[in-house]
Protein chains: 6
Amino acid sequence: MRSRLQEFLKEDIGSGDVTSELVVPLDETARGRIICKEPCVLAGVAEASEVFKELGAGTVRSRKDGTKAKKGDVVLEVKGSARAILAGERLALNFVMRMSGIATLTADLTAACRKVNPKVRIAATRKTTPGFREFEKKAVLIGGGDPHRYALDDAILIKDNHIMLAGGVEEALKRARRGSFTKKIEIEVENPKDARTALANGADIIMLDNFKPKALQKLSEELKSIRPDVMIEASGGISPENVRKFAPGADIISLGWLTHSVKSIDFSMDVKRT
Amino acid sequence: MRSRLQEFLKEDIGSGDVTSELVVPLDETARGRIICKEPCVLAGVAEASEVFKELGAGTVRSRKDGTKAKKGDVVLEVKGSARAILAGERLALNFVMRMSGIATLTADLTAACRKVNPKVRIAATRKTTPGFREFEKKAVLIGGGDPHRYALDDAILIKDNHIMLAGGVEEALKRARRGSFTKKIEIEVENPKDARTALANGADIIMLDNFKPKALQKLSEELKSIRPDVMIEASGGISPENVRKFAPGADIISLGWLTHSVKSIDFSMDVKRT
Amino acid sequence: MRSRLQEFLKEDIGSGDVTSELVVPLDETARGRIICKEPCVLAGVAEASEVFKELGAGTVRSRKDGTKAKKGDVVLEVKGSARAILAGERLALNFVMRMSGIATLTADLTAACRKVNPKVRIAATRKTTPGFREFEKKAVLIGGGDPHRYALDDAILIKDNHIMLAGGVEEALKRARRGSFTKKIEIEVENPKDARTALANGADIIMLDNFKPKALQKLSEELKSIRPDVMIEASGGISPENVRKFAPGADIISLGWLTHSVKSIDFSMDVKRT
Amino acid sequence: MRSRLQEFLKEDIGSGDVTSELVVPLDETARGRIICKEPCVLAGVAEASEVFKELGAGTVRSRKDGTKAKKGDVVLEVKGSARAILAGERLALNFVMRMSGIATLTADLTAACRKVNPKVRIAATRKTTPGFREFEKKAVLIGGGDPHRYALDDAILIKDNHIMLAGGVEEALKRARRGSFTKKIEIEVENPKDARTALANGADIIMLDNFKPKALQKLSEELKSIRPDVMIEASGGISPENVRKFAPGADIISLGWLTHSVKSIDFSMDVKRT
Amino acid sequence: MRSRLQEFLKEDIGSGDVTSELVVPLDETARGRIICKEPCVLAGVAEASEVFKELGAGTVRSRKDGTKAKKGDVVLEVKGSARAILAGERLALNFVMRMSGIATLTADLTAACRKVNPKVRIAATRKTTPGFREFEKKAVLIGGGDPHRYALDDAILIKDNHIMLAGGVEEALKRARRGSFTKKIEIEVENPKDARTALANGADIIMLDNFKPKALQKLSEELKSIRPDVMIEASGGISPENVRKFAPGADIISLGWLTHSVKSIDFSMDVKRT
Amino acid sequence: MRSRLQEFLKEDIGSGDVTSELVVPLDETARGRIICKEPCVLAGVAEASEVFKELGAGTVRSRKDGTKAKKGDVVLEVKGSARAILAGERLALNFVMRMSGIATLTADLTAACRKVNPKVRIAATRKTTPGFREFEKKAVLIGGGDPHRYALDDAILIKDNHIMLAGGVEEALKRARRGSFTKKIEIEVENPKDARTALANGADIIMLDNFKPKALQKLSEELKSIRPDVMIEASGGISPENVRKFAPGADIISLGWLTHSVKSIDFSMDVKRT
């Protein structure tokens, strides 16, 4: 992780923090506190702490990622060189704001859906910000969600384009079963017929894409009556507004919104001379 | 840029696209089209095109970043190896979705504010996704906004913590003027008194932080009557909902929302065998 | 892959090929041929070709990885600058020699075991040369084997130390099932009792470690009679000499030997002025 | 070295050790011991220790590289976070297994050859695993061998292809002597006539390639009677079986086998909760 | 900075310090002192100290960069492993020699010019050694100079080729004013007419290129009488010999000589066993 | 080399050439010519050409490195996008200016010394600019000099500190002879007694450090009368002014001046629209 932090610090600092170098004496020490401005599930505090550590400023106290914070809570306090604290401020806040936004939304949607189906999981997708996926997936995990695939090498997921290029669901699954025994096989289907073919041909997970909630529930029950261990993933056209409607029929509900359209949580930092 | 693309592809592909390697023949060729699903200002199409080029698939046609697209428009068409097109699909879409989201919001807010003040500029902040700033700032530019500082080395910007550590506005500006003659000096102030001191001590740009719109306009007029070339930046507590209220008094309105809470624009990709 | 090739070339060339720079004129052109010195299944020819391409020398003809070669066969012919061909020679040969060694052994053991059990797979382990795993796993694939996990993020594999730290097979599996639904769960056990517990607690794959061939076959049959879709992996103490004894009872036989103790296949390169 | 370790850990861990993260509590601490399973000369223990250090687990005790170990010996003991120890296990073992394999074979062949010629050196070649050469050469050194050239910039070594392209031994050596005075000049020859020409034209080292042992000894004596300080290297077609036959006539015997076909030494790791 | 140091150490050490590894025992400890051989303004001592720290040798005492040193002064004393001190010696000295050369010349020229014009600044250019600019600019700063642009993204500087391609000074400035409000606009002109046009079109800084000292002073006075806050930079054909002639008319005098033709200051290192 | 160029371009361009992006249209094409401003031996033209190629601008014609150029000569002409040419201008010129400075001084000193001793070589040292050594050594080669060691792994060079730590010349050489047979052994001595000991103990090269020219010549003749093939290197306190006095007694004269205090050669670039 340190090389990522160094890369991110380089991005934010460039050749140097010209303002602090001019305005703040080299030997000034300070204490910085990151303060929460709205209720949330915390994520990214560990990363924020690492940012300051990388710059030589130590953590005095910190709240644990995954816990709830409310307006006014101090979630991280660091002390060290004033210049270091100012140099790390923006990156630390950027971690906490975005990751807490994702964790909070994940936790909220999970809670809402589990009222309907206590076993359902909310999952992320690969619709993440390029270069920042590991942190966005981590925030989903912290919020109680499932990260789903980190990369294309993680599991076999046969999508519509694969099926078209293979010439059908059966042939696509036949080819997929030649893959490593270590990988699960998931397939995305758009109608009940393809779902049944997938079930009959050994898919471990069936993703029902763009199904209406009722249709999804009905088909899911049918499939599970045939093979109880099959997993059903609902996907496509799912937003924070409609997500709970999919809970009855799905083992997993995946939505890109968690990472591509999330609102950040507001945090700020205050600094005091020590 | 190529090394960034390679890094992003590595993130998304990992050790290999196991699904396509199993399901899609090595010598299969295809044509892929990225299709717009909602009205927007395009951004990231150039990057999407580069993604496919990096994987060996050529661009057949592409829409220009900065132009408007509507639902159903084909914004990029590529052709080449089917596996290459599938391997690049997600990263290409992630670029276009996020960058178009930012460009569209920037263009919308700029248009709204310019009805009130035709010279005002909407500016981004450093509240960006770590590692992806260059693309988020570029999307702001494409949407007609001002990127503001890319990094801490770009301009001198004296913030509240700097003023506190320096012991006041006057002293902070005195120290800042020792900096390189190539840099502008901006200062963030929270009350009219500090703004007047900043004006008297050579600040090129005065950022009025968390001012009410009316107060901002009044103070801005006072400051410009004394030094017409001073620039006034409004910042703090500004969202897409209230941004236009700040237009009358400001040369620049900066808001983190453009990059930290933007909703992505929806695009999808269809693939056909060739 | 290009950045790996560049890194490998840097390792082999250092600051420059001082010999060729002194002895071979800059504008001399040549043709180089890689010649097989013993029967084998080819692997690494694609990489060798890329090495020369990276240095500016083009491929005239090349044999396909995965095919069989015999002594005297030309497996790759390139042409271009004589200095480039000499600079790439060693790295190209190192790829072909090691990868063909792995592919050949994998193919031989697979053929031998399939005489006994036509569905068994020979699998590699993570006992690879640090930094070169992707190529060693690829050679296993080319030889008809299963690459098994590329890295610790690939699948859940509960080993003896995990079981001990979790306090038993049941508890370890219970914890593992909280993981992402995209991952298979494999567990390594050392006795029939643990194997039965693993079966009852949802393991997708059971690795029978250090079992005698007969005991393995018997237990495998018992487990499959209870849950036909469970996969049985034989591991521990398996070498090219004894591997076929494990074929009757196993779906997969994994052995580190494929990558940690393989003998290279001999190839050489001859160069002619053009 | 740290950046290599980080690269290797990344290769083995990927985006995270999903098993340990699920099964082993974050605050569990443990002690891990690497145990030798067969007699050997140790190498790679220092690297294994660095692997754990990089992950935050400290060394309790360790055996020195270059010493002999026997079955059952604990060669490294570390303690720290249980997850860290499990995450480093495979890489640490891969270092020790491969490097000890090389050091042991080097030591064995050196001992055997020195019974015949007490001054002879066993040398490695550039037939190493791409990306891992520095560690393979180091293991040769630890085993008492000579690493020979690390890269093409290390010394001038004129091979058959160079001679052909230069138009003969004399011309090749004439060109080579224009090189930096800091480099030795070695030349590979395939017959006595070329060896004599090389001797007369200032070669520091003459490599006799593919000579029969008797012929090599005879020619070596002739050449040394003319210029006693010339060094004779035997190379080509040398394996662990026949190496000692070349000892009488050679100052150095080089064989690729040390690095391209070596059998790993078996080690395992046991972990205990602390 | 650490990654730069590691890169530089790799450049200087390669695969290992073969001499010290052979000649100096592994456990030998020593004390090394860097000694100044001629009067200078020190720079690079901080970097030299970091070099040894990176190699595990601690700083005993060190002189502060920016202070004056004379022949015989010990500017840095480190202690630690003898091999580490020898391995870092050359890089540490290369930092101190080159950076002190730059700082000293900068300080000398600044002092000379300020006798004539107490407010004038000596500035560097982008004529630096590729890859080492951050340290050369830092040395200029330490010597009391202005670093000028670190990179093309730092400020808008319209040069002769830009003016030609834009079709004139007025058009070039008009286009430049569309840039970010955070950037100053500088323009290079070669005659009084263009300078006046630049002044009238909002240039923040006017660079008078290749003007005779008298002509520069006269034009500078004229321009400042119109807009007192405009800054005048003298550039082109300026060397240590003639620099002070430009002091009367300029706010800034920039010369490439500081970084492209500076003479290093001589330092040496002595080592004692401890 | 491409990765070095990309790194250097990143250093010079940062996040973008803001001036050209504003002032020069995207589709403007141009022709750029690098023009020599003073007589010199060219070096770095190949690198300059690569810089433009990296940015997409092709070479129209170029002068060969190692040839002489005079004021007014066009040494490189490129054509392509105007923005690309402007973006590459500074880095290209920095290569040519510094490398030609080094090549020219090397050629001048070599010519001067060879009037006295036709076989003497001028050699560089490791006193180079961190990160730029490969190009500085290459310029020395182009100027007809000897690059000497590129890094500490190149040859064994026992210096004063090594001798002190080993306990004397004889012991140091004894230890050094245990090193790889591929490496030459050089030793630095400061008096005739140590030189004689070095000669008697097998040093390949003896560096006479800080000897007066006459004393050096006398000792050199004595040593060569004993062992004609020993090489004598003069070093220490040698500058362009006094270098030729050392020519009579030395095989090699090494001086840091070539790389640490060289004056750049002046070149400029003109651009024309096409």
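Parameters at a glance
- Residues numbered from 1 in each chain as written.
- Chains lettered and ligands numbered in written order.
- Predicted model: local features only at pLDDT ≥ 70, side-chain atom pairs only at ≥ 80, totals over all residues.
- Heavy atoms only, no water.
- Axes fitted to C-alpha atoms, helices over the stretch in contact; angles between N-to-C directions.
- Helix = DSSP H or I, 4+ residues; strand = E, 2+ residues; numbered from the N terminus.
- Parallel < 35°, antiparallel > 145°, perpendicular 65-115°, else oblique.
- Left-handed = near helix turned anticlockwise from the far one by under 90°.
- Contact = heavy atoms within 4.5 Å.
- Buried area = accessible area lost by both parts, 1.4 Å probe.
- Salt bridge = Lys/Arg side-chain N within 4 Å of Asp/Glu carboxyl O.
- Polar contact = N/O pair within 3.5 Å; in protein donor to acceptor, adjacent residues only side chain to side chain.
- Nonpolar A, V, L, I, M, F, W, Y, C, P; charged D, E, K, R; others polar.
- Least-squares fit on C-alpha atoms with pLDDT ≥ 70 in both.
- Buried < 20%, exposed > 50% of the residue type's maximum accessible area, 1.4 Å probe, protein only.
- Arc of directions from axis to C-beta.
- Domains from an automatic or database assignment.

Draft legend 1. Broad picture of the packing of helix α3 (residues 45-54) of chain A against helix α4 (residues 82-116) of chain A. Residue and element names in this part refer to chain A. At their nearest, the axes of α3 and α4 sit 8 Å apart, and the two run at 165° to each other. Our classification of the angle between α3 and α4 gives roughly antiparallel. Handedness of the crossing formed by α3 with α4: right-handed. Side by side, α3 and α4 meet where Val45, Glu47, Ala48, Val51 and Phe52 of the first sit next to Ala84, Ile85, Gly88, Glu89, Leu91, Ala92, Phe95, Val96 and Met99 of the second.

Draft legend 2. Expanded view of the interface of chain B and chain A. Between chain B and chain A, the contact holds 68 residues from the first and 68 residues from the second. In total, chain B and chain A occlude about 5,400 Å² of area from one another, counting both sides; carbon and sulfur atoms represent 58% of this. A salt bridge links A:Arg126 to B:Asp12, with the nearest nitrogen and oxygen atoms 2.8 Å apart. Where chain B touches chain A, the interface holds 36 residue pairs in polar contact (both at pLDDT 80 or more). Here the side of chain B that touches chain A gets 9 residues from one element, more than from any other, and that element is helix α4 (residues 82-116) of chain B. Looking at the side of chain B that touches chain A residue by residue, the classes come out as 30 nonpolar, 16 polar and 22 charged.

Draft legend 3. The arrangement of the relation of the copies chain B and chain A in detail. For the pair chain B and chain A, the relating rotation is 180°, the translation along its axis is 0.0 Å, and the fit reaches an RMSD of 0.0 Å. In the structure described here, the two chain copies are related by an operation that fits a two-fold rotation axis. It is B:Gly131 whose C-alpha, among those of chain B, lies nearest the rotation axis, at 3.0 Å. When the interface residues of chain B are mapped onto chain A, 100% of them again lie at the interface, so the same face is used by both copies.

Draft legend 4. Here's a closer look at the interface of chain D and chain C. Contact with chain D, which involves 69 residues of that partner, is made by 69 residues of chain C. In this assembly, chain D packs against chain C so that about 5,400 Å² is buried in total across both faces, 58% of it on carbon and sulfur atoms. Inspection of the region where chain D meets chain C yields 4 salt bridges. The interface formed by chain D and chain C holds 36 residue pairs in polar contact (both at pLDDT 80 or more) in total.

Draft legend 5. The arrangement of helix α7 (residues 169-176) of chain F in detail. Inspection of α7(F) places F:Val169, F:Ala172, F:Leu173, F:Arg175 and F:Ala176 among the buried residues, and these make up the whole buried set. Relative to the axis of α7(F), the buried residues are bounded by an arc of 160° and lie together on one face. Along its buried surface, α7(F) packs onto α2 (18-23) of chain E together with β7 (156-158), α6 (160-166), β8 (185-189) and α8 (192-200) of chain F.

Draft legend 6. Broad picture of the domain arrangement of chain A. All names here are of chain A. Here the domain parsing of chain A yields domain 1 (2-106 + 263-273) and domain 2 (111-260). Every contact between the two is made by 14 residues of domain 1 and, on the other side, 17 residues of domain 2. When domain 1 packs against domain 2, the two sides together hide about 1,400 Å² of surface, and 67% of this comes from carbon and sulfur. Three residues stand out in domain 1 for area buried against domain 2, namely Arg98, Ile102 and Thr106, and they jointly supply 41% of the buried area on that side. In this assembly, domain 1 and domain 2 are joined by 3 salt bridges. At the boundary of domain 1 and domain 2, one finds 6 residue pairs in polar contact (both at pLDDT 80 or more). Counting only elements with at least two residues in the side of domain 1 that touches domain 2, the list comes to α1 (2-13) and α4. Take the side of domain 1 that touches domain 2: its biggest share by element is 7 residues, from α4.

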